[in-house]
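The chain contents come next:
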Amino acid sequence: MQVANGKIAAEEMARARDALGRIHDIFSATVVGQKDLYRALIVSLLAKGHVLLESVPGLAKTTAATTLSEAISGSFSRIQCTPDLMPNDIVGTQIYTYETGKFSTQLGPVHANMVLLDEINRSSAKTQSAMLEAMQERQTSIGGTIYKLPDPFMVLATQNPVDEEGTYVLPEAQMDRFLLKEILTYPSPQDEIDILTRTAERDFGRSNAEPVTTSDVLFLQELSSRVYVDESIKAYVVALINTTRGGGPRPIADLRRHVRVGASPRGSLALMRVGQALALTQGRNFVVPDDIKALRHTVLRHRLIRTYDALAADIPPEKIIDDVFAAVPTP
């Protein structure tokens with residue numbers, strides 16, 4: 001098994017560049033703008049992670065998920081979360097057949113390469129826990145039998161920050177399971193004009209690029225894990241995460257007033273894996289400090305638990321993250 005030593009042949013890098021280019025061409029032919037969304041999705045895919053998307057309705061979250069699944073020739077499922085959604089509705093169930101007198105297993109919609117979990121905060125805690133097993137263990141349990149999920153497997157969960165009536169707040173343990181949390185904003189006026197024009201001219205989805213295969217995705221994931229991470233970069237990541245806990249080489253004086261709980265070691269792993277994936281998308285076989293900084297908000301905003309003082313003063317997690325990165329010297 002190859003380790004993260006950066007030993008990536010020129011042919012492997014060329015294959016990766018070709019595959020990533022085809023995925024981008026197919027995605028951009030259907031989804032206008034949303035560059036941050038694309039970057040979050042492709043990085044999470046390469047790093048074998050899951051993405052939590054937060055935005056008001058109508059910002060192409062479902063379109064992005066279906067387009068990405070088509071670009072990788074993967075199976076796709078959409079699950080609309082409601083308060084009465086049960087775990088069996090997601091993972092599957094056993095059905096008794098009178099003709100045979102036996103139970104047969106019907107796998108649920110989570111058994112797909114790409115799963116869109118729409119409005120995850122509308123599902124109950126019991127249903128959220130069933131998704132937690134699928135996301136972390138990449139398997140489901142039906143009638144005492146374990147069923148492996150397909151590989152690659154990725155969850156795109158969405159939540160609407162505006163209409164929170166009848167919702168269940170995601171527990172911190174499940175929030176931490178998401179590699180990234182991306183907050184989508186409205187498209188620029190020019191992008192919105194482009195959307196109207198392409199809709200009127202029925203010019204969406206026209207790409208000459210051939211979709212990649214799931215085998216190509218597995219290759220990209222394996223290649224991403226081989227991107228070299230220097231000891232100085234690892235020390236930088238650990239220093240950043242320790243600073244969120246009130247420690248680090250240059251502790252922030254009033255951090256405890258704003259942060260109740262800092263990031264866990266899972267945050268360190270996320271920064272490193274995201275750095276490796278970003279380096280690969282840019283054609284490099286090694287991680288640089290800018291790879292760690294690029295998606296700092298997306299990686300850490302959901303891993304910091306703010307104090308009541310910070311919430312009352314409306315101090316966003318992004319400001320705290322920026323303060324942490326400013327306090328830690330860049331290698």
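Cut-offs and rules
- Residues numbered from 1 in each chain as written.
- Predicted model: local features only at pLDDT ≥ 70, side-chain atom pairs only at ≥ 80, totals over all residues.
- Heavy atoms only, no water.
- Helix = DSSP H or I, 4+ residues; strand = E, 2+ residues; numbered from the N terminus.
- Rg over C-alpha atoms; globule rule 2.2 N^0.38 Å.
- Buried < 20%, exposed > 50% of the residue type's maximum accessible area, 1.4 Å probe, protein only.
- Contact = heavy atoms within 4.5 Å.
- Pairing = 2+ DSSP bridges.
- Axes fitted to C-alpha atoms, helices over the stretch in contact; angles between N-to-C directions.
- Salt bridge = Lys/Arg side-chain N within 4 Å of Asp/Glu carboxyl O.
- Polar contact = N/O pair within 3.5 Å; in protein donor to acceptor, adjacent residues only side chain to side chain.
- Patch = residues over 30% accessible without salt bridge, like charges linked within 9 Å, V, L, I, M, F, W, Y side chains within 5 Å.
- Areas by Shrake-Rupley, 256 points an atom, 1.4 Å probe, with all protein chains shown as cover.
- Phe/Tyr/Trp six-rings, centres within 6.5 Å; stacked < 30°, edge-to-face > 60°.
- Lys NZ or Arg CZ within 6 Å of the ring centre and 35° of its normal.
- Core = buried A, V, L, I, M, F, W, Y, C linked by side-chain atoms within 4.5 Å.
- Expected span 1.5 Å × (residues − 1).

*Asks:* What should I look at first to understand the overall build of the protein chain in this one?
*Replies:* Helices and strands together make up the secondary structure of the protein chain, namely 15 helices and eleven strands. Taking 331 residues into account, the globule formula puts the C-alpha radius of gyration at 20 Å, and the protein chain, at 21 Å, falls close to it. Counting the 331 residues in the protein chain, one finds 47% classified as buried. Considering only intrachain contacts with a sequence separation of at least 6, the fraction spanning at least 24 residues in the protein chain is 78%.

*Asks:* Explain the sheet that holds strand β9 (residues 180-183) to me, please; I cannot follow it from the model alone.
*Replies:* Backbone hydrogen bonds are what pair the strands of a sheet, in a parallel or an antiparallel way. Spatial strand order, β2-β5-β8-β1-β9: five strands in an open sheet with parallel pairing. Either end of the sheet is taken by a strand with one partner, and the two such strands are β2 (76-80) and β9. Neighbour-to-neighbour, the strand axes of the sheet open up by a mean angle of 20°, direction not taken into account.

*Asks:* In this structure, what is going on with the pattern of salt bridges? I would like to understand it.
*Replies:* A side chain with one charge may pair with a side chain of the opposite charge, provided their charged atoms come close. This model, assessed by the stated rule, comprises 16 salt bridges. Glu318 is the partner of Arg301 in a salt bridge, and the nearest nitrogen-oxygen pair spans 2.8 Å. With Arg301 in the loop between α13 (296-300) and β11 (305-306) and Glu318 in helix α15 (residues 317-327), this pair connects stretches of sequence that are 17 residues apart. Classification of Arg301 by relative accessible area gives buried; the value is 14%. Here the salt bridges share partners, and the residues they tie into one network are Glu12, Glu222 and Arg226.

*Asks:* Would you mind showing me how to read the side chain of Asp291 here?
*Replies:* Position of Asp291 relative to the elements: it lies in helix α12 (residues 289-294). Asp291 sits in the buried class, given a relative accessible area of 3%. Within the structure, the side chain of Asp291 is placed 2.8 Å from the side chain of Arg284, a separation counted as a polar contact. Ignoring any residue separated from it by four or fewer positions in sequence, one finds Asp291 in contact with Gly275, Leu278, Ala279, Gln282, Arg284 and Phe286.

*Asks:* Hey, could you run me through a nonpolar patch on the surface in this one?
*Replies:* The grouping of Tyr96, Tyr98 and Phe103 at the surface amounts to a nonpolar patch, some 420 Å² of accessible area in total. The class of Tyr96 is partly exposed, set by a relative accessible area of 40%.

*Asks:* Hey, could you run me through the packing of aromatic side chains in this one?
*Replies:* All chains considered together, the criterion is met by four aromatic pairs. Consider the rings of Tyr96 and Tyr98, whose centres lie 5.2 Å apart with planes at 90°: the pair is edge-to-face. Accessibility expressed as a relative area gives 72% for Tyr98, which makes it exposed. Every member of this aromatic cluster is reached through a ring pair, and the members are Tyr96, Tyr98 and Phe103. The side chain of Arg15 reaches across the aromatic face of Phe219, ending 3.9 Å from its centre. Positioned above the aromatic ring of Phe325 is the side chain of Arg296, whose terminal nitrogen or guanidinium carbon lies 5.8 Å from the ring centre.

*Asks:* Please clarify how unusual backbone geometry should be interpreted in this entry.
*Replies:* Most of the time, phi is negative for any residue but glycine, and the peptide bond is trans. Along the chain, Asp151 connects to Pro152 via a cis peptide bond; the corresponding omega equals 5°. Tracing the backbone through its elements, the reader meets Pro152 in the loop between β7 (145-148) and β8 (154-159). Despite not being glycine, Ser73 shows a phi value in the positive range, around 55°. Along the polypeptide, Ser73 turns up in the loop between α3 (61-71) and β2. A residue is classified by how much of its surface remains accessible, and Ser73, at 43% relative accessible area, is partly exposed.

*Asks:* Explain the nonpolar core to me, please; I cannot follow it from the model alone.
*Replies:* In a soluble, globular protein the nonpolar side chains are often hidden away together inside. Grouped together as the largest cluster of nonpolar side chains are 73 residues, with contacts concentrated most on Ile23, Leu41 and Ile292. Setting aside residues up to four positions removed in sequence, Ile23 forms contacts with Tyr38, Ile42, Leu68, Ala71, Ile72, Val212 and Leu220. Core analysis: the next-biggest nonpolar cluster, separate from the first, contains 22 residues, Leu117, Ala130, Met131 and Leu170 among them.

*Asks:* Whenever I open this one, helix α11 (residues 265-281) confuses me. Can you help?
*Replies:* Here α11 is 17 residues long and its end C-alpha atoms lie 25 Å apart, about the 24 Å a rise of 1.5 Å per residue gives. By the burial criterion, the buried members of α11 are Gly267, Ser268, Ala270, Leu271, Val274, Gly275, Gln276, Ala277, Leu278, Ala279 and Leu280. In the stretch just after α11, Gly283 is the one whose phi turns positive, near 80°.

*Asks:* Help me understand the pairing of β2 in this model?
*Replies:* Looking down a regular strand, the side chains alternate between one sheet face and the other. On β2, burial follows the alternation: Ser77 and Ile79 on one face are buried, whereas Phe76, Arg78 and Gln80 on the facing-out side are not. For β2 and strand β5 (residues 114-118), the ladder comprises five bridges, and the chain directions are parallel. Along β5, the bridge assignment pairs Arg78 with Leu116.

*Asks:* I would appreciate a short explanation of the side chain of Thr244 in the present structure.
*Replies:* Relative to the helices and strands, Thr244 resides in helix α9 (residues 231-244). A polar side-chain atom of Thr244 sits 2.5 Å from the main-chain carbonyl oxygen of Ile241. Engagement of the side chain of Thr244 in a polar contact is seen with the backbone nitrogen of Ala263, the distance being 3.1 Å. Not counting chain neighbours up to four residues away, the residues in contact with Thr244 comprise Leu255, Val259, Gly262, Ala263, Leu304 and Val324.

*Asks:* How should I be thinking about α9 in this particular structure?
*Replies:* An α-helical segment advances 3.6 residues per turn. Residues three or four places apart therefore align on the same side. In this model, α9 (14 residues) spans 20 Å end to end at C-alpha, consistent with the 20 Å of a helix rising 1.5 Å per residue. Turning to α9, its buried residues are Ile233, Tyr236, Val237, Ala239, Leu240, Ile241, Thr243 and Thr244. If you follow the buried residues of α9, they end up packed against α10 (255-258), β10 (259-261), α11, α12, α13 and α15. Downstream of α9 by one or two residues, Gly246 has phi in the positive range, about 100°.

Function cannot be read off these values alone, since they describe shape.
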